[in-house]
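Architecture and fold: a report
Each chain, written out:
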Amino acid sequence: LTPFDRAVHNVIATLWEIWHRDKKRDNEYLTPRIIFQVLSGNTEEDKSISSVMRKDILASIDKMGATKITIDNSAEAKAFGYKKFKYFGSLLYIKRIEGVKINGNEVVDCIQVIQSPALYEYAKRKKQIISVDIKMLNIPRFSNTSENIELKEYLLRRIMAIKNPKSRINETIKYQTIYEYLRIEANTRATLLVKYKRIRSKVKKILEFWKSEKFIVDYKEEKEGKLITKITITC
């Protein structure tokens, strides 16, 4: 599983929670476009999706639907007083169907979500759910490729951890950690350095927007010798 799969999984969990809030079942169907709208932070009905992104989202969902997981928190429940939770089944319990109409339009790539994602239910029992305003994902003049979606989600999780008073997460992020998370590779050292510079530029663009929205206070890059190796975020 990749960080992109994680991002798609989190969107499905988010939409499930919204649909079933107050024990109401408002909807149970998804499309790649709906998922992409949330990933990009854009809630406009006419948000377009590229064929590449559509295939990436469908491939991710199919993979997670076929991935079997086991959750057994028996030892954890005993040690910390959590409610016991056991699950044996799919990472996502979904169906791919055709011929469903959403808002009066027949949808080809329709995903039916059968039940709340198990990992989400597990995290909810432990009260380890974070909430972020969707507009923080809508970075101006920022292409929502799979890599960029992974980068946004990683930075969001790190910042929310920094903001948590109970967390010991350091405010400084090593760029090498980000490069490895995004699986950045190249055939030559020169090409790799160019890619690294491009990632650092994206990080600053995201953080600059979040600073303007007062989601963070400030950020500052740091060097080791002549190389820019990390960035410190003040929340």
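Attention here is on the structure that accompanies the text. Please read all numbers here as calculations on a predicted model, not as lab measurements.

**Describing the overall build of the protein**
- Within the protein, the secondary structure is distributed over eight helices and ten strands.
- Computed over the C-alpha atoms, the radius of gyration of the protein is 19 Å, within 12% of the 18 Å expected from 2.2 N^0.38 for a compact globule of 235 residues.
- Taken over the C-alpha atoms alone, the protein extends approximately 55 × 50 × 35 Å along its principal axes.
- Scored against the burial criterion, the 235 residues of the protein give a buried share of 42%.
- Looking at the protein alone, contacts between residues at least 24 apart form 59% of all its contacts between residues at least 6 apart.
- Of the roughly 14000 Å² that the protein leaves accessible, carbon and sulfur atoms contribute 50%.
- Seen as two clouds, the 46 positive and the 29 negative side-chain charges of the protein have centres 5 Å apart.

**Details of the environment of F142**
- Here F142 lies in the loop between helix 5 (118-125) and helix 6 (146-163).
- Looking at F142, the relative accessible area reads 10%, which means it is buried.
- Measuring from C-alpha to C-alpha, the distance between F142 and S40 comes to 9.2 Å, with 102 residues separating the pair along the chain.
- Among all residues touching F142, those that are not within four sequence positions of it are N148, K152, K202, K205 and I206.

**Looking at the environment of P165**
- In this structure, P165 sits in the loop between helix 6 and strand 8 (172-174).
- Looking at P165, the relative accessible area reads 80%, which means it is exposed.
- Along the primary structure P165 and K205 are separated by 40 residues, whereas in three dimensions their C-alpha atoms are 26 Å apart.

**A look at the packing of aromatic side chains**
- Evaluation of the coordinates by the stated rule reveals six aromatic pairs.
- Centre to centre, the rings of F80 and Y82 are 6.1 Å apart; their planes meet at 40 degrees, and the pair counts as tilted.
- By relative accessible area, which is 63% here, F80 ends up exposed.
- For the ring pair F85 and Y122, a centre distance of 6.0 Å and an interplane angle of 15 degrees mean the geometry is stacked. Taken together, the positions of F85 in the loop between helix 4 (74-80) and strand 3 (86-90) and Y122 in helix 5 put the pair 37 residues apart, joining distant regions of the chain.
- A residue is classified by how much of its surface remains accessible, and F85, at 9% relative accessible area, is buried.
- Following the ring pairs from residue to residue traces out a cluster consisting of Y175, Y179 and Y196.

**Overview of the layout of surface pockets**
- When its volume is computed, the second largest pocket comes out at roughly 250 Å³.
- Around the second largest pocket sit Y175, Q176, Y179, R189, L193, Y196, K197, R200, L227, I228 and T229, which together line it.
- Of all the secondary-structure elements, those providing two or more residues to the lining of the second largest pocket are helix 7 (175-181), helix 8 (189-212) and strand 10 (227-234).
- At five residues, helix 8 tops the list of elements feeding residues into the lining of the second largest pocket.

**With respect to the packing of helix 1 (residues 3-19) against helix 3 (residues 51-66)**
- Look at helix 1 against helix 3: their axes get within 10 Å of each other, and the N-to-C directions meet at 80 degrees. Between helix 1 and helix 3, the angle falls in the class roughly perpendicular. Touching F4, D5, V8, H9 and I12 of helix 1 are M53, D56, I57, S60, I61, K63 and M64, all from helix 3.
- Split into classes, the residues belonging to the contact of helix 1 with helix 3 amount to seven nonpolar, two polar and three charged.

**Observations concerning the sheet that holds strand 1 (residues 29-30)**
- Pairing in this open sheet of three strands is antiparallel, and the strands run 1-7-4 from one edge to the other. The open sheet is flanked by strand 1 and strand 4 (94-97), the only strands paired with a single partner.
- Relative to strand 7 (residues 110-113), strand 4 is paired through four bridges, and the arrangement is antiparallel. Across the sheet, K95 pairs through a bridge with Q112, a residue of strand 7.
- Its contacts with the sheet put helix 3 on strand 4 and strand 7, and the angle it makes with strand 4 is roughly 135 degrees.

**Comments concerning the environment of N138**
- Tracing the sequence through the fold places N138 in the loop between helix 5 and helix 6.
- Beyond its immediate stretch of four places on either side in the chain, N138 contacts S40, G41, N42 and F209.

**Section: helix 1**
- When the terminal C-alpha atoms of helix 1 are compared, their 24 Å separation across 17 residues agrees well with the 24 Å that a helix rising 1.5 Å per residue should span.
- Most of helix 1 sits inside the fold, with twelve of its 17 residues counted as buried.
- Along helix 1, the positions that sit buried rather than exposed are P3, F4, D5, A7, V8, H9, V11, I12, A13, L15, W16 and W19.

Calculation criteria
Residues numbered from 1 in each chain as written. Predicted model: local features only at pLDDT ≥ 70, side-chain atom pairs only at ≥ 80, totals over all residues. Heavy atoms only, no water. Helix = DSSP H or I, 4+ residues; strand = E, 2+ residues; numbered from the N terminus. Rg over C-alpha atoms; globule rule 2.2 N^0.38 Å. Buried < 20%, exposed > 50% of the residue type's maximum accessible area, 1.4 Å probe, protein only. Contact = heavy atoms within 4.5 Å. Areas by Shrake-Rupley, 256 points an atom, 1.4 Å probe, with all protein chains shown as cover. Lys, Arg positive; Asp, Glu negative; His and termini not counted. Charge placed at Lys NZ, Arg CZ, Asp CG, Glu CD. Phe/Tyr/Trp six-rings, centres within 6.5 Å; stacked < 30°, edge-to-face > 60°. 1 Å grid on protein atoms, 1.4 Å probe; cavity = no way out; pocket = protein on both sides within 12 Å on 5 of 7 lines; lining within 4 Å. Points joined across faces, edges and corners; volume = space filled by probe spheres on them. Axes fitted to C-alpha atoms, helices over the stretch in contact; angles between N-to-C directions. Parallel < 35°, antiparallel > 145°, perpendicular 65-115°, else oblique. Nonpolar A, V, L, I, M, F, W, Y, C, P; charged D, E, K, R; others polar. Pairing = 2+ DSSP bridges. Expected span 1.5 Å × (residues − 1).

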